[in-house]
Amino acid sequence: MSTHITKNRILDFTVSLQVQHRSPNTITSYTTNIQKLELFLGGSELTKEQMLSYKQWLYSQGFKQRTINAYLAAANYFCDVMGWTEMKVALDPVIEDNTVQNKKQISSASYKKLVYTAIQNDKERLAMMVQVLCHMDLRFCELEKLTAEALEAGFVEVTRKNKQKKIKIPDILAKDLYTYIKHEHITSGVIFRTSKGLPVDRSNFRKDIKKLCILADVEEELGSIQHVKHVVLDEYPYYGLKKWE
């Protein structure tokens with residue numbers, strides 16, 4: 001019997017989640033994650049080797065460990081439902097940062113509210129900045145290195161401790177960024193810029209994020225660069241700047 005991921009098998013998987021009374025958000029998240037695996041396979045059958053390649057590919061995209069584990073957990077559960085248990089892969093442990101644990105953290109739900117609210121209120125630049133800070137290992141002062149040229153190259157090059165480091169731009173984030181620069185008519189230079197062409201500075205970002213917290217009904221104290229950098233997500237909240245596509 002073939003081990004292709006088909007629409008009928010995804011439907012069976014969704015039904016199994018419903019039978020177990022999983023929440024609508026969990027069902028949507030798991031189903032979306034399996035569709036991601038289906039796209040990765042590109043029509044090939046699912047094998048243990050493909051699962052291992054998928055795991056390595058997720059790492060290569062620059063996703064955080066928790067996000068990778070969420071994708072793999074969905075894939076493993078799908079294998080359980082299909083009876084393909086021999087294809088399951090191990091999840092790597094998440095190393096907690098005690099300095100972050102001791103701070104009040106913004107929840108995944110609040111983060112998504114911020115991104116969604118920003119887009120709905122025509123603050124696409126702010127929405128994209130929040131997503132970049134969350135999903136890339138970039139410091140705020142390094143955002144000016146995120147240029148149209150860097151986007152084309154697929155990575156941002158920064159200098160830390162006198163060493164050059166290349167930070168990959170995740171594919172799904174790159175898609176949003178391409179949509180953004182096309183709409184803003186940005187063909188070269190810094191992506192997050194003011195009307196005068198200067199990089200957005202830290203103080204203006206702080207003011208904007210505080211106002212966004214009020215609009216999104218999120219605790220204002222969570223509206224900081226530090227909180228955005230340490231949010232933990234189960235998936236990339238792709239709102240896709242769809243009204244521009």
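These remarks concern the structure in this document. (Residues numbered from 1 in each chain as written. Predicted model: local features only at pLDDT ≥ 70, side-chain atom pairs only at ≥ 80, totals over all residues. Heavy atoms only, no water.)

**Some details on the pairing of strand β1 (residues 155-160)**
- Burial of the side chains of β1 is restricted to one face: Val156, Val158 and Arg160 are buried, whereas none of Phe155, Glu157 and Thr159 on the reverse face is.
- The pairing of β1 with strand β2 (residues 163-168) spans six bridges and is classified as antiparallel. The partner of Val156 across the bridge, within β2, is Ile167.
- Where β1 folds back onto β2 in an antiparallel hairpin, the turn is made up of two residues, including Lys161, whose phi is positive at roughly 55 degrees. (Buried < 20%, exposed > 50% of the residue type's maximum accessible area, 1.4 Å probe, protein only. Helix = DSSP H or I, 4+ residues; strand = E, 2+ residues; numbered from the N terminus. Pairing = 2+ DSSP bridges.)

**Structural notes on the nonpolar core**
- Val132, Leu177 and Phe192 are the most contacted members of the largest nonpolar core, which has 39 residues in total.
- Elements with a contribution of two residues or more to this core: α6 (108-120), α7 (124-135), α8 (148-153), β1, α9 (171-183) and α10 (202-216).
- Residue contributions to this core peak at eight residues, all from α7.
- If sequence neighbours within four positions are ignored, Leu177 has contacts with Met128, Val132, Leu146, Leu151, Ile169, Ile191 and Phe192.
- In terms of nonpolar packing, the next biggest core, distinct from the first, is built from 26 residues, Ile27, Tyr54, Ile68 and Phe78 among them. (Core = buried A, V, L, I, M, F, W, Y, C linked by side-chain atoms within 4.5 Å. Contact = heavy atoms within 4.5 Å.)

**Points about helix α2 (residues 24-41)**
- For α2, spanning 18 residues, the distance from its first C-alpha to its last is 26 Å, which sits close to the expected 26 Å at 1.5 Å a residue.
- When we look at burial in α2, the residues that qualify are Ile27, Ser29, Tyr30, Thr31, Asn33, Ile34, Lys36, Leu37 and Leu41.
- Contacts made by the buried residues of α2 are with α1 (7-19), α3 (48-60) and α4 (65-82). (Expected span 1.5 Å × (residues − 1).)

**Points about α10**
- The first and last C-alpha atoms of α10 sit 21 Å apart over 15 residues, in line with the 21 Å expected at 1.5 Å per residue.
- Three or more residues of α10 are buried, namely Phe205, Ile209, Leu212, Cys213 and Ala216. Buried residues of α10, seen end-on, are gathered within an arc of 105 degrees and therefore sit on one face of the element. Across α10 from its buried face, at more than 90 degrees, point the exposed residues Lys207, Lys211 and Ile214.
- Residue Asp217 follows α10 closely and has a positive phi angle near 60 degrees. (Arc of directions from axis to C-beta.)

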